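# Geometric and topological summary
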Amino acid sequence: MTSLNPVRILKNEAEEEKAEIARMSSFIGAIAIGDLVKSTLGPKGMDKILIGHGRNESSLEVTNDGATILKAIGVDNPAAKILVDMSRVQDDEVGDGTTSVTVLAAELLREAEKLIDQKIHPQIIISGWRRATTIARNALKSSSMDNSANSEKFREDLLNIARTTLSSKILSQHKEHFSKLAVDAVLRLKGSGNLGAIQIIKKKGGVLEDSFLDEGFLLDKKPGQHQPKRVENAKILIANTPMDTDKIKVFGSRVRVDSMAKIAELEVAEKEKMKDKVEKIVKHGCNVFINRQLIYNYPEQLFADAGVMAIEHADFDGIERLALVTGGEIVSTFDQPDKVKLGRCDVIQEVMIGEDTLMRFSGVALGEACTIVIRGATQQIIDEADRSLHDALCVLAATVRESSIVYGGGCSEMLMACAVQAEAAKTAGKEAVAMEAFGRALQQLPTIIADNAGYDSAQLISELRAAHAQGNSTSGLDMEVGRIGCMKQLGITESFVVKRQVLLSASEAAEMILRVDNIIKAAPRKRVQDRGHC
């Protein structure tokens, strides 16, 4: 008998994983990502050190921000990549809950793995999960509150949300100070939610509690030599223009001349063109000129003679925000002064922060603009404080837009889990088993929070479940003392938007991974070598 060779469908070196193997690969990848970040969850979560190797030097980050950790690690598993993308979207949408969403998706898949071992089909699990997600969302919605009609109560809600968000970060020891900074900054926006008006400047030195909010705009630059250091009633021309556009690049060029006098004429011609440009700029009636690019010595001298404060090399993010807050436009040509919109502010003056001199723009056109200056002992501490504060600002801005709040400390998760499991008890068929698994996955979040604090999670979670079953719907974990407490009395409040996004994103991502029954990897591209050099 002649043996038949197996038929090969895919191109050489392409790989295929089928059915159980593909599903196992997805589960393992996703669960590994969840296990990686779950130790950072909650107020007693741990930090990770991320070391990156660049071309010249290695970078070091110390963080417990889920999105930052997952962004930094390179993953090859497709299911793991889905969870990394999901945490990034969570970070972009609402700013916080990046670890929660990853852990919940991983726990859902851990439960799904057990159900598939029991020969329950993935589509039945998905059907049960969809019902469970709707029930959990409705339970969360019905438990939410909205105090936006009462400004004092709403401010207290925002402070509580900021405290809760910061309690799991490096700023937990100074959460009162930073909560007030964040709430003051967001309330200045008057409901616009435009976080571009809030600038964060990081300056090494001092301690975290030296951080402060400055009403106005700070630019980390200095004016040129012999120029005004203080300008009142400032009319600001913001530009992105090269001041040496017409300058002949003498070095590296070959210029044939009859005498040294001709070189002097070239230099004079260069200077005249630079002088013409400065005169065009001054004709705009501005007393402050801020350029994205370098200004050079000669134009700087001309601006000083005209009594104009000129600031060079303002970074692009800096001048874009400056244009926003002063109401000006960024220009690059200066032939039509009447069509250019100048920025305005009451006073520009130098201020000292630590050992550095910055320019403060007070009384800007966009009155809600402000700057938060973060101080700290090392660059790593300042960077992590910046990430933590950014999370708090994003959550507060989202809460101002959609003002409902829910209780934290595992309270909302247990509330949703109890609602799902109560409905599962009334449901006939295999979908009920999937719904119960969804409820168990939700209960894992408070379990992990308790584990990370070193408490007896089995005891605490059973007490918490019993409290909710008895109708104490505000019960949650008090991580300061390791007991069950009333979240309403303790003021442990979270944004409804964040919780809803965690629930929906995690269930959608887990459902997508569960649907997979085949993984096909394309054949790697081969580098074609130049035969002449072989």
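Above this note sits the structure.
Computed from a prediction, not measured in an experiment: that's the story for all the values here.

Quick look at the sheet that holds strand β5 (residues 198-204) now. Ordered by their spatial adjacency, three strands build an open sheet running β5-β14-β6, and the pairing between neighbours is mixed. The open sheet has two edge strands, β5 and β6 (212-214), and neither has a second partner. Adjacent strand axes in the sheet meet at a mean angle of 25° when their direction is disregarded. With three bridges connecting them, β6 and strand β14 (residues 370-376) associate as antiparallel partners. The partner of leucine 213 across the bridge, within β14, is isoleucine 372. Strands β5 and β14 of the sheet are contacted by helix α11 (residues 379-401), whose axis makes an angle of about 165° with β5.

Among the surface-exposed residues, Ile49, Ile51 and Leu60 lie close enough to one another that they form a single nonpolar patch of about 300 Å² accessible area. Positionally, isoleucine 49 belongs in strand β2 (residues 48-53).

Soluble, globular proteins show a tendency: their nonpolar side chains are buried together. Membership of the largest hydrophobic core comes to 113 residues, with the highest contact counts inside it found for Trp129, Ile236, Ile290, Ile348, Phe361 and Ile372. In contact with tryptophan 129, not counting residues within four places along its chain, are Leu108, Leu109, Ala112, Ala434, Phe438, Ala510, Glu511 and Leu514. Listed in part, the 16 residues of the second largest apolar core include Met243, Phe289, Ile295 and Phe303.

On to the environment of glutamine 227, then. Here glutamine 227 is to be found in the loop between β7 (217-219) and β8 (230-239). Separated by 81 residues in the primary sequence, glutamine 227 and valine 308 place their C-alpha atoms 6.6 Å from one another. When residues no more than four places from it in sequence are discounted, the contact partners of glutamine 227 are Glu300, Phe303, Ala304, Val308, Met309 and Ala310.

Enumeration according to the criterion identifies 29 salt bridges in this entry. Its salt-bridge partner being lysine 38, residue aspartate 35 comes within 3.4 Å of it at the nearest N-O pair. For lysine 38, a relative accessible area of 26% puts it in the partly exposed group. The residue glutamate 494 makes a salt bridge to lysine 499 at a minimum N-O spacing of 2.9 Å. Neither residue differs from the other here; glutamate 494 and lysine 499 are each classed as buried. Several salt bridges share partner residues, and in doing so they unite Asp35, Lys38, Glu107 and Arg110 into one network.

In this section: the pairing of strand β13 (residues 356-364). Bridge analysis of β7 against β13 gives three bridges, and the strand direction is antiparallel. If you follow leucine 219 over to β13, its bridge partner there is methionine 359.

Taken in spatial order, the three strands make up an open sheet running β4-β15-β18, and their pairing is antiparallel. Each edge of the sheet is formed by a strand with only one pairing partner; in this case those strands are β4 (145-146) and β18 (493-495). Two strands pair when backbone bridges link them, and β4 and strand β15 (residues 404-407) are joined in this way by two bridges, in the antiparallel orientation. Its bridge partner being in β15, aspartate 146 is matched across the sheet by serine 404. On top of the sheet, helix α6 (residues 151-166) reaches β15 and β18; it is set at about 90° to β18, its chief contact.

Conventions adopted
- Residues numbered from 1 in each chain as written.
- Predicted model: local features only at pLDDT ≥ 70, side-chain atom pairs only at ≥ 80, totals over all residues.
- Heavy atoms only, no water.
- Pairing = 2+ DSSP bridges.
- Helix = DSSP H or I, 4+ residues; strand = E, 2+ residues; numbered from the N terminus.
- Axes fitted to C-alpha atoms, helices over the stretch in contact; angles between N-to-C directions.
- Contact = heavy atoms within 4.5 Å.
- Patch = residues over 30% accessible without salt bridge, like charges linked within 9 Å, V, L, I, M, F, W, Y side chains within 5 Å.
- Areas by Shrake-Rupley, 256 points an atom, 1.4 Å probe, with all protein chains shown as cover.
- Salt bridge = Lys/Arg side-chain N within 4 Å of Asp/Glu carboxyl O.
- Core = buried A, V, L, I, M, F, W, Y, C linked by side-chain atoms within 4.5 Å.
- Buried < 20%, exposed > 50% of the residue type's maximum accessible area, 1.4 Å probe, protein only.

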